[in-house]
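# Working through the structure, step by step
Residues per chain, in single letters:
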Amino acid sequence: DAVTMRFSAHLNTLYPALPEPARPAAAAADGFQFVEIWDAPSGDAATAFLDALGQHGLRLISVNTPAGSPKGAFGSLGDPAAVERWREHFADTLRFARRVGARSVNVLAGGRLPGVSRPRQRECLIANLSWALDRLEPADPVLLLEPLNAGDRPSPLIQRLADAVSVITDLGRSEERRVGKECRS
């Protein structure tokens, strides 16, 4: 039995010097079949992106929910002041992921917020994930929680694999299989 490893090209990080419309062609030229992106494009940009994927025989594996603000926040899943905005952005990202056939949506948890306790942020994070799970259909992408290291992101809300597992456990739902953990080095 041969084991086949497949890698995805993150278009934003591997090809930052190229204009966005040229990135799928570059990934295909480098031999990739699968790609991932930070943000879901909308409108004409989404149509152009889908066309480029098809033209180059690529499949989108993962797309992130929006990083939010301020710059570097890396998500607002656990921000009690951003619940309505996060849910709107999640719905937009899910619609795009469905349209393109993405296998996963990387749900960006964000970092610790000044003046908001960790338990309050965690409660918000779990409530938002529960809300998101209620909107998933059986064929929808898996939601990913990505632990982040504090060296790259200041004070991440989910820093270790154990943090992600704890959130999934505390969801206490049969849909737990719909939320996965993503680890990157």
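All values reported here derive from a predicted model rather than from experimental measurement.

## A few points about the pairing of strand S3 (residues 59-64)
When you tally the buried positions in S3, you get 5 out of 6 residues, the bulk of the element. Following the chain from strand S2 (residues 34-37) across helix H3 (residues 43-55) to the adjacent parallel S3, one finds a crossover that is right-handed.

## A word on the pattern of salt bridges
Tallied over the entire structure, the rule returns 6 salt bridges. Linking aspartate 163 and arginine 160 is a salt bridge whose minimum nitrogen-to-oxygen distance equals 3.1 Å. Through salt bridges with shared partners, a single ionic network connects Arg98, Glu137 and Asp140.

## Description of the packing of helix H5 (residues 118-134) against helix H6 (residues 161-171)
Where H5 meets H6, the axes come as close as 10 Å, and the angle between the chain directions of the two elements is 60°. Taken as axis vectors, H5 and H6 run oblique relative to one another. H5 and H6 meet at a crossing whose hand is right-handed. Between H5 and H6, the residues in contact are Arg122, Leu125, Ile126, Leu129, Ser130 and Leu133 and Ser166, Val167, Asp170 and Leu171, respectively. A breakdown of the residues in the contact of H5 with H6 according to their chemical character gives 6 nonpolar, 2 polar and 2 charged.

## Digging into the environment of tryptophan 86
One can find tryptophan 86 in helix H4 (residues 83-100). Residue classification places tryptophan 86 among the buried residues on the basis of a relative accessible area of 2%. In the structure, tryptophan 86 is positioned 42 residues away from asparagine 128 in sequence and 8.2 Å away in space, judged by C-alpha atoms. Apart from residues lying up to four places away in sequence, tryptophan 86 is in contact with Thr65, Ser76, Leu77, Val107, Asn128, Trp131 and Ala132.

Basis of the calculations
- Residues numbered from 1 in each chain as written.
- Predicted model: local features only at pLDDT ≥ 70, side-chain atom pairs only at ≥ 80, totals over all residues.
- Heavy atoms only, no water.
- Buried < 20%, exposed > 50% of the residue type's maximum accessible area, 1.4 Å probe, protein only.
- Helix = DSSP H or I, 4+ residues; strand = E, 2+ residues; numbered from the N terminus.
- Right-handed = clockwise from strand over helix to strand, strands pointing away.
- Salt bridge = Lys/Arg side-chain N within 4 Å of Asp/Glu carboxyl O.
- Axes fitted to C-alpha atoms, helices over the stretch in contact; angles between N-to-C directions.
- Parallel < 35°, antiparallel > 145°, perpendicular 65-115°, else oblique.
- Left-handed = near helix turned anticlockwise from the far one by under 90°.
- Contact = heavy atoms within 4.5 Å.
- Nonpolar A, V, L, I, M, F, W, Y, C, P; charged D, E, K, R; others polar.

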